[in-house]
Amino acid sequence: MNKPSATFSRSFYELLSSMRFAISLLSVLAIASIIGTVLKQNEPYANYIIQFGQYWFNVFKWLGLYDVYHSPWFVVILSFLVLSTSTCIYRNLPSMLREMRSYREHATEQSLRHFQHYAEFARQGNPAPTLMQYLDVQGYKYKQQADGATLLLAAKRGSANRLGYILTHSAIVLICIGGLIDSNIPLKLEQAFNIKHIETRDIPESQVPAISRLAPGNLSFRGNVTIPEGTSADVVFLNIGDGYMVQDLPFKIGLDKFHIEHYTTGQPKSFASDIVIIDKKTGLPLLKHTITVNHPLTYDGIAIYQASFGDGGTHLNMDGWNLFDRTGVSFPVTGAIHDESKLAADDTEYTVEFTDFRPFNIESMGDQGEPVHDTRAVIGGNAVADHKDLHNIGPSFQYKIRNPDGQAKEYSNYMLPVLIDKRWYMLSGMREAPNEPFHYIRFPLDPDRTLAGFMRLRGALLDAKLYPEIAQRFAKSAIPDSNPEAQAKLADSTVKVLGIFAKGGYKALSDFIESRIPAAERDKAAQTYLKILELSAFEAYNITQARANQPAPKMDDETGWFIRDSLNSFSDIFFYGAPVYLQLANYDEVQATGLQLTRSPGKNIVYGGSALLVLGVFAMFFIRERRLWLLIKPDQVLFAMSSNRKTLDFENEFTQHQQHIAEIVKET
């Protein structure tokens, strides 16, 4: 009954001490470490889905590549390497230590004659004292073994070479133990037994339940926290799987001031945080320090790194423009980044979620000085070519507009106008999913560099009650009064065209032409309708300018382009996805620092193991063991030599010793 058990134990023992198996595991760890370095770890799952797509996301998730260093298979490999390498050390250390201490002074003449590197010399005098002196000079330690008239000198040098094997194996054990400590096995066990589980809801930190919170004494962690200026935090957030956990800290971190420097183009040059460590019980400051990138602060065993920066709740003052009302008048809107506001339009209440603010935007500039938004399309197909001339075009803010059904679209609006093809526009980007590029709509500015002109014209194009006046003015300008019948007919056609255009822009006009006009006549009809639309829009612009007590527009190229751009933008608002455009008027910026806090007790163990590994590799490759025997007989001297590695240097050394020993024997 015990025989199979003994066989299994012996096989398992051999597996543990197998060098090939250990090397295979080390290779797997090396590959895993490369993946863990190249692939950003512990990101929210949504980021990986955007990056890889659903299929590969699931594959990589199953392989545990999103948290390589804490994945079960990585921990198992580390554990097995500790057992395997420790077993190897246990088995081989005694014999290695014995071999290091041994001089092999009991070697026989017969065994020496079988050495590959062997020589013998005839003697007459007594060369023993001189040979001993020669060994001392050459750095050899030796022992004497006398047997009657025969004397054996057993010498060695470089025995520390075997320390290399001991140090490298010990280094692997230490590095793996350090990795196991930082893998936070206790937390893994708590998750496995449902003592702790991750939180997936987007709720305030104060509402996260205890089962998703970790005590300040947690063995190891790596988490992030964003702290706005003038505030403090006593927790960090650990991204785990498709959720997070809250790690309580033994102290508070306050941000007094965030510093950032920019290049002349507006790109970040350097940033730093003036932080203060605060006692949680008394509220008194314990330490003030400025941390910068690559210069962390370590306090109470926790390293605090300057990782990033962001917005801390910038206050925004905006002008809201209802894109489908007839007034053309804006209304005030206020909000703050990371906050929400309610917005009512067309008897529907929307939620505006302000997500980000950027005081600088570095964009490519065109040949005429216009900004070019690479990787971003323009609504309506007005794409802009790529350029390499980068410039800062001012602040922008991002927000989401969510309808009552919970569906949301994301927007990115610039505060300052941009010059494209020698004309000024306000740009607003829209996208339906985070993995999509922003598609931009251009709102043209009037001669006063404001949106008022376009918005008034847009309101007129939506006001059916104004169509007869527009049509009559256009008909009178196009046909002499002597032909009232033709004027009336053109006016009727103009009202019809304006009505169709107001329902869906150019697409509605195109659908009407395709459904009502024979194919052979569509091109001619389209050109006629577009001409009617453009000229009647000019009359509408005249009317709105007069009502606003503004100068009458001139019929020139500048006005013509403004009319065409306005019609393009009017057509595009049907695809904009929001009833309101928010124009940033002014802001009060609040900056925030992004800190990464880590507790890594295994780090120093890994560093120690790495130092041992360097020493061990140095010992193995640069310290060469040499063993030398001189058997001094009454009539001759036998010389034999061996090394743990046969190299050209060893061959040369053997030849040199052979020559020197021959001279010594000959001279004595």
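Rules and cut-offs
- Residues numbered from 1 in each chain as written.
- Predicted model: local features only at pLDDT ≥ 70, side-chain atom pairs only at ≥ 80, totals over all residues.
- Heavy atoms only, no water.
- Helix = DSSP H or I, 4+ residues; strand = E, 2+ residues; numbered from the N terminus.
- Rg over C-alpha atoms; globule rule 2.2 N^0.38 Å.
- Buried < 20%, exposed > 50% of the residue type's maximum accessible area, 1.4 Å probe, protein only.
- Areas by Shrake-Rupley, 256 points an atom, 1.4 Å probe, with all protein chains shown as cover.
- Lys, Arg positive; Asp, Glu negative; His and termini not counted.
- Charge placed at Lys NZ, Arg CZ, Asp CG, Glu CD.
- Salt bridge = Lys/Arg side-chain N within 4 Å of Asp/Glu carboxyl O.
- Polar contact = N/O pair within 3.5 Å; in protein donor to acceptor, adjacent residues only side chain to side chain.
- Contact = heavy atoms within 4.5 Å.
- Pairing = 2+ DSSP bridges.
- Axes fitted to C-alpha atoms, helices over the stretch in contact; angles between N-to-C directions.
- Core = buried A, V, L, I, M, F, W, Y, C linked by side-chain atoms within 4.5 Å.
- Phe/Tyr/Trp six-rings, centres within 6.5 Å; stacked < 30°, edge-to-face > 60°.
- Lys NZ or Arg CZ within 6 Å of the ring centre and 35° of its normal.
- Expected span 1.5 Å × (residues − 1).
- Bend = angle between axes of the 7 residues up to and from the residue.
- pLDDT = per-residue confidence, 0-100.
- Parallel < 35°, antiparallel > 145°, perpendicular 65-115°, else oblique.
- Nonpolar A, V, L, I, M, F, W, Y, C, P; charged D, E, K, R; others polar.

## Here we look at the overall build of the chain
Logical step 1: When helices and strands are counted, the chain shows 15 helices and 28 strands.
Logical step 2: For 668 residues, the compact-globule estimate of 2.2 N^0.38 gives 26 Å, and the C-alpha radius of gyration of the chain, at 41 Å, exceeds that figure by more than 25%.
Logical step 3: For the chain, the proportion of its 668 residues judged to be buried stands at 43%.
Logical step 4: Total accessible area computed for the chain in this model is approximately 35200 Å², and 55% of it derives from carbon and sulfur atoms.
Logical step 5: Charged side chains of the chain number 65 positive and 71 negative; the gap between the two group centres comes to 9 Å.

## Notes on the side chain of Asp311
Logical step 1: Tracing the sequence through the fold places Asp311 in strand β11 (residues 302–311).
Logical step 2: Although Asp311 is buried, it makes no salt bridge; Arg358 carries the closest opposite charge, 9.6 Å away.
Logical step 3: A polar atom in the side chain of Asp311 sits 2.7 Å from the backbone nitrogen of Gly313.
Logical step 4: The contacts of Asp311, once residues within four sequence positions are left out, are Ile337, His338, Asp356, Phe357, Val590 and Ala592.

## Here's the deal with the sheet that holds strand β2 (residues 141–147)
Logical step 1: Strand order in the open sheet formed by five strands is β1-β28-β27-β3-β2, with antiparallel pairing between adjacent strands. Strands at the two margins of the open sheet, each flanked by one partner only, are β1 (117–122) and β2. Sheet twist, expressed as the mean angle between neighbouring strand axes with direction ignored, is 15°.
Logical step 2: Judged from the seven bridges that link them, strand β3 (residues 150–157) and strand β27 (residues 626–632) form a sheet pairing that is antiparallel. Paired with Leu153 across the strands is Leu630, a residue of β27.
Logical step 3: Across the sheet, helix α15 (residues 648–667) is in contact with β1, β3, β27 and β28 (636–643); its angle to β28 comes to roughly 165°.

## With respect to the nonpolar core
Logical step 1: Phe354, Phe397, Tyr399, Phe443, Tyr581 and Leu582 are the most contacted members of the largest nonpolar core, which totals 67 residues.
Logical step 2: It is helix α11 (residues 484–516) that provides the largest number of residues to this core, a total of 11 residues.
Logical step 3: Counting residues in each nonpolar core, the second largest holds 24 residues, with Ala233, Leu249, Phe251 and Ile304 among its members.

## With respect to the packing of aromatic side chains
Logical step 1: Evaluated as defined, the whole model comprises 34 aromatic pairs.
Logical step 2: On the numbers, 5.2 Å between centres and 80° between planes, the contact of Tyr55 with Trp56 is edge-to-face.
Logical step 3: Residue class for Tyr55 comes out exposed when judged on its relative accessible area of 58%.
Logical step 4: Judged by centre distance (5.2 Å) and plane angle (70°), the rings of Phe501 and Tyr506 are edge-to-face.
Logical step 5: Residue placement shows Arg564 over the ring face of Trp561; its charged tip is 4.6 Å from the ring centre.

## Focus: the pairing of β2
Logical step 1: Pairing analysis gives seven bridges linking β2 to β3, with the strands arranged antiparallel. Residue pairing across strands places Asp147 opposite Thr150, the latter belonging to β3.
Logical step 2: Following β2, the chain reverses through two residues before pairing antiparallel with β3; Gly148 in that reversal takes a positive phi of roughly 70°.

## Looking at helix α3 (residues 45–63)
Logical step 1: Given a rise of 1.5 Å per residue, 19 residues ought to cover 27 Å, yet the end C-alpha atoms of α3 are separated by just 14 Å, more than 12% below that figure.
Logical step 2: Approximately 115° is the largest bend angle found in α3, and it occurs at Gly53.
Logical step 3: Residues of α3 that are buried include every one of Tyr45, Tyr48, Phe57 and Phe60, and no others.
Logical step 4: Count one or two residues on from α3 and you reach Gly64, which has phi positive near 75°.

## Topic: the confidence of the model for the chain
Logical step 1: Residues at a pLDDT of 70 or more form 93% of the chain, whose mean pLDDT is 88.
Logical step 2: Scored below 50 in pLDDT, residues 366–371 makes 17 contacts in the model with residues more than four places away or belonging to other chains.

## Things to note about the packing of α11 against helix α13 (residues 557–572)
Logical step 1: Their axes nearest at 7 Å, the elements α11 and α13 cross at an angle of 95°. What the angle tells us is that α11 and α13 run roughly perpendicular. Taking contact as the criterion, the partners of Phe501, Ala502, Gly504, Gly505, Tyr506 and Lys507 in α11 are, on α13, Leu567, Asn568, Phe570 and Ser571.
Logical step 2: Partitioned by chemical class, the residues of the contact of α11 with α13 number five nonpolar, four polar and one charged.

## Observations concerning unusual backbone geometry
Logical step 1: Even without a glycine there, the phi angle at Asn42 is positive, about 55°.
Logical step 2: Tracing the chain through its elements places Asn42 in the loop between α2 (19–38) and α3.
Logical step 3: A residue is classified by how much of its surface remains accessible, and Asn42, at 26% relative accessible area, is partly exposed.
Logical step 4: The phi dihedral of Asp300 is positive, around 55°, even though this residue is not glycine.
Logical step 5: Examined against the element boundaries, Asp300 turns out to sit in the loop between β10 (297–299) and β11.

## Some details on the pattern of salt bridges
Logical step 1: Applying the stated criterion across every chain, the model contains 25 salt bridges.
Logical step 2: Its salt-bridge partner being Asp565, residue Arg423 comes within 2.9 Å of it at the nearest N-O pair. Taken together, the residues span a long stretch of sequence, with Arg423 in strand β23 (residues 423–431) and Asp565 in helix α13 at a distance of 142 residues. Grouping residues by exposure puts Arg423 and Asp565 together as buried.
Logical step 3: Across the pair Arg473 and Glu539 runs a salt bridge whose closest N-O atoms are separated by 3.4 Å. Residue Arg473 is located in helix α10 (residues 467–478), and its partner Glu539 is located in helix α12 (residues 522–547); the two are separated by 66 residues in the primary sequence.
Logical step 4: A relative accessible area of 35% places Arg473 in the partly exposed class.
Logical step 5: The exposure class assigned to Glu539 is buried, which follows from its relative accessible area of 9%.

## Some details on the environment of Tyr263
Logical step 1: Checked against the element boundaries, Tyr263 lands in the loop between β7 (243–262) and β8 (268–278).
Logical step 2: According to the relative accessible area criterion, Tyr263 is partly exposed, its value standing at 46%.
Logical step 3: For Tyr263, the contacting residues outside a window of four places in its chain are Pro268 and Lys269.

## Topic: the sheet that holds strand β12 (residues 315–322)
Logical step 1: If you trace the three strands from one edge of the open sheet to the other, you get β13-β12-β25, paired in antiparallel fashion. The strands lining the two open edges of the sheet, one partner per strand, are β13 (331–336) and β25 (580–588). Sheet twist, expressed as the average angle between the axes of neighbouring strands with direction ignored, equals 30°.
Logical step 2: Inspection of the sheet shows β12 paired to β25 by eight bridges, in the antiparallel sense. Note on β25: the bridge partner recorded for Trp321 is Tyr581.

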